[in-house]
Amino acid sequence: MDVKRAKITAVGHYLPEHRLTNHDLEKMVDTNDEWIRTRTGIEERRILKDKDKATAFMSAEAAKEALESKGVSPEEIDLIIVGTVTPDYLFPSTACLVQEKIGATNAFAFDLSAACSGFLYALSTGAMYIESGRAKKVLIIGADKMSSILDFTDRSTCILFGDGAGAVLLEESEDETGIIDYIHHSEGDTNCSLYQPAGGSLNPASKETVENMEHFVRQDGRSVFKKATMGMADVSLEIMEKNKLDPEDVAWLVPHQANLRIIDATARRMGLSNEKVMININKYGNTTAGTIPLCLYDWKEQLNYGENIILAAFGGGFTWGATYLKWGIK
Ligand code: COA
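Residues numbered from 1 in each chain as written. Predicted model: local features only at pLDDT ≥ 70, side-chain atom pairs only at ≥ 80, totals over all residues. Heavy atoms only, no water.

## Here's the deal with the site of the ligand
Then, number 1: Among the 24 residues in the neighbourhood of the ligand, the closest are listed as Thr31, Arg39, Gln219, Arg222 and Asn259.
Then, number 2: One of the side-chain N or O atoms of Arg39 is found 2.7 Å from an oxygen atom in the ligand.
Then, number 3: Here Asn259 contributes a side-chain N or O atom positioned 2.7 Å from an oxygen atom of the ligand.
Then, number 4: Contact with the protein chains covers 76% of the free accessible surface of the ligand, which is 950 Å².
Then, number 5: Breaking the shell around the ligand down by element, the ones donating at least two residues are helix 2 (33–40), helix 6 (155–158), helix 8 (221–242), helix 9 (260–270) and strand 12 (308–315).
Then, number 6: Ranked by residues supplied to the shell around the ligand, first place goes to helix 8 with 4 residues.
Then, number 7: Looking at side-chain class alone, the shell around the ligand contains 10 nonpolar, 9 polar and 5 charged residues.
Then, number 8: Residue-level mapping places the shell around the ligand at the junction of two domains, with at least three residues from each of domain 1 (6–175) and domain 2 (179–326). (Near = heavy atom within 4 Å. Polar contact = N/O pair within 3.5 Å; in protein donor to acceptor, adjacent residues only side chain to side chain. Areas by Shrake-Rupley, 256 points an atom, 1.4 Å probe, with all protein chains shown as cover. Helix = DSSP H or I, 4+ residues; strand = E, 2+ residues; numbered from the N terminus. Nonpolar A, V, L, I, M, F, W, Y, C, P; charged D, E, K, R; others polar. Domains from an automatic or database assignment.)

Here you go:
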């Protein structure tokens, strides 16, 4: 029996216009540009200011751009998966809102929660629908409006994140290009090293949760840093070894953009030189599920047909993983 393979056939993105620079943050919290740049690699991030717009809006814009670039009409889409931790509502899902916004009347849609690994988890889930023959055209979106869950008085978290969305179209590959392998891992973070304490069923919104600023991201940066560095480097090496890839076989590493030092450590472990690593954390910060498709969008003109690419992410949960694909857009 022929094994079907899914491949990325189009890429789209959305970034809000407003730039929040490190210098802007100096006026808001006790921090400075030098500290942020040297500890994280971030220079500025985008913030979605419009009160009436959120993750579904950014996702729909990214999806529309991907579809238009390939000349695919929304009615042809079978499935939409949105990786996000900042859905417009707890329910309905952001993916359902996107389905309506773009007019994908024949698609079913759901969200997937895997924090910064959301795009990679969604990508492999979507790929499996193509591989099984259950879907022909799948939209995978990674999008987060992190500014909606940031405490802009907490310097340890508010400097790290930004807003943005990226989308890819998955279709069946007719050749050897496409998504070849994926590895995912999870480890329940019962110590709550990276989480949003309230707003879920354990601590529903109340006067107290609002007063205690529990609806915002909390992170033990140092312990997450250690885990993320190890997790992302290990899984990237794991997928190279599993697929018998040497460093010279890999054209690009597309890493989740949480911290430049984590990215550097991953590339070093894989034996890759800096020119092979996509880095845009300086411009956008950590857009959570948005980082990897935003990299693919920024680099799409430089990607060559048939090149080996490794995508890697680590995030809250904990969740982490890597995907190996051969670029399939000519
Ligand atoms: N500006 C200036 N100083 C700051 C600061 C800021 N924005 N944030 C923290 N500091 C201070 C701390 O208070 C601390 O001071 P102290 O030594 O007097 O206590 C000092 O800087 C060092 O803090 P530390 O947390 O050890 O810094 P770090 O080198 O670990 O960098 C992070 C902090 C958050 C950048 C880093 O831990 C990190 O990137 N963690 C992982 C983030 C991540 O990947 N998250 C998402 C998972 S995908």
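## As for the sheet that holds strand 7 (residues 163–172)
The strands that make up a sheet are held in pairs by hydrogen bonds between backbone atoms, and each pair lies either parallel or antiparallel.
Then, number 1: With respect to topology, 5 strands assemble into an open sheet ordered 1-7-6-4-5, the strand pairing being mixed. Pairing within the sheet leaves two strands with one partner each, and these edge strands are strand 1 (6–14) and strand 5 (108–112). Shown here is a sheet whose adjacent strand axes are inclined to one another by a mean of 20°, direction ignored.
Then, number 2: Of the pairings in the sheet, the one linking strand 1 to strand 7 comprises 8 bridges and is antiparallel in character. Each residue of the ladder has a partner; that of Gly12, found in strand 7, is Ala167.
Then, number 3: Along the sheet, helix 5 (residues 118–131) makes contact with strand 1, strand 4 (79–83), strand 5, strand 6 (137–145) and strand 7, crossing strand 6 at roughly 170°. (Pairing = 2+ DSSP bridges. Axes fitted to C-alpha atoms, helices over the stretch in contact; angles between N-to-C directions. Contact = heavy atoms within 4.5 Å.)

## Here's the deal with the pattern of salt bridges
Then, number 1: In the structure shown here, the tally under the stated rule is 14 salt bridges.
Then, number 2: A salt bridge links Arg37 to Asp33; the shortest N-O distance between them is 2.8 Å. Taken together, the residues span about one helical turn, with Arg37 and Asp33 both in helix 2 at a distance of 4 residues.
Then, number 3: A single network of salt bridges, built from pairs that share partners, joins Lys70, Glu76, Lys137 and Glu171. (Salt bridge = Lys/Arg side-chain N within 4 Å of Asp/Glu carboxyl O.)

## As for the side chain of Asp33
Then, number 1: The exposure class assigned to Asp33 is buried, which follows from its relative accessible area of 13%.
Then, number 2: Engagement of the side chain of Asp33 in a polar contact is seen with the side chain of Arg37, the distance being 2.8 Å.
Then, number 3: Apart from residues lying up to four places away in sequence, Asp33 is in contact with Asn22, His23 and Glu26. (Buried < 20%, exposed > 50% of the residue type's maximum accessible area, 1.4 Å probe, protein only.)

## Quick look at the nonpolar core
Then, number 1: By size, the foremost hydrophobic cluster in this structure holds 39 residues, and its most contacted members are Val217, Leu253 and Ile310.
Then, number 2: Secondary-structure elements contributing two or more residues to this core are helix 8, helix 9, strand 12 and strand 13 (319–326).
Then, number 3: For this core, the element with the most residues is helix 8, which contributes 6 residues.
Then, number 4: Residues from two domains meet in this core; each of domain 1 (6–175) and domain 2 (179–326) gives at least three.
Then, number 5: In this structure, Leu253 is in contact with Thr266, Ala267, Met270, Leu272, Lys276, Val277, Met278, Ile310 and Ala312, ignoring residues within four places of it in sequence.
Then, number 6: Counting 36 residues, the second largest nonpolar core, distinct from the first, contains Leu79, Ile130, Val138 and Val254. (Core = buried A, V, L, I, M, F, W, Y, C linked by side-chain atoms within 4.5 Å.)

## Here's the deal with the packing of aromatic side chains
Then, number 1: The full count for this structure, using the stated rule, is 5 aromatic pairs.
Then, number 2: Aromatic side chains Tyr14 and Phe57 sit 5.1 Å apart centroid to centroid with 80° between the ring planes, which places their arrangement in the edge-to-face category. One end of the pair, Tyr14, is in strand 1; the other, Phe57, is in helix 3 (residues 55–70), with 43 residues separating them in the sequence. As far as burial versus exposure is concerned, Tyr14 and Phe57 are alike and both buried. (Phe/Tyr/Trp six-rings, centres within 6.5 Å; stacked < 30°, edge-to-face > 60°.)

## Let's talk about the sheet that holds strand 13
Then, number 1: Here 4 strands make up an open sheet; going across it, the order is 8-13-12-11 and the pairing mixed. The sheet is open, and its two borders are formed by strand 8 (178–186) and strand 11 (252–255), each paired with just one other strand. In this sheet, neighbouring strand axes are inclined to one another by 15° on average, regardless of whether the strands run parallel or antiparallel.
Then, number 2: Looking at chain direction, strand 12 and strand 13 are connected through 8 bridges and run antiparallel. If you follow Leu311 over to strand 13, its bridge partner there is Thr323.
Then, number 3: Strands strand 8, strand 11, strand 12 and strand 13 of the sheet are contacted by helix 8, whose axis makes an angle of about 140° with strand 8.
Then, number 4: Seen against the sheet, helix 11 (residues 291–298) touches strand 11 and strand 12 and runs at an angle of roughly 140° to strand 11.

## Description of the packing of helix 3 against helix 4 (residues 94–102)
Then, number 1: Put simply, helix 3 and helix 4 touch, their axes get as near as 9 Å, and they point 50° apart. In terms of axis orientation, helix 3 runs oblique to helix 4. In the packing of helix 3 onto helix 4, the handedness of the crossing is right-handed. Taken together, the residues of helix 4 that come into contact with helix 3 (itself represented by Thr55, Ala56, Phe57, Ser59, Ala60, Ala63, Lys64 and Leu67) are Thr94, Leu97, Val98, Lys101 and Ile102.
Then, number 2: A breakdown of the residues in the contact of helix 3 with helix 4 according to their chemical character gives 8 nonpolar, 3 polar and 2 charged. (Parallel < 35°, antiparallel > 145°, perpendicular 65-115°, else oblique. Left-handed = near helix turned anticlockwise from the far one by under 90°.)

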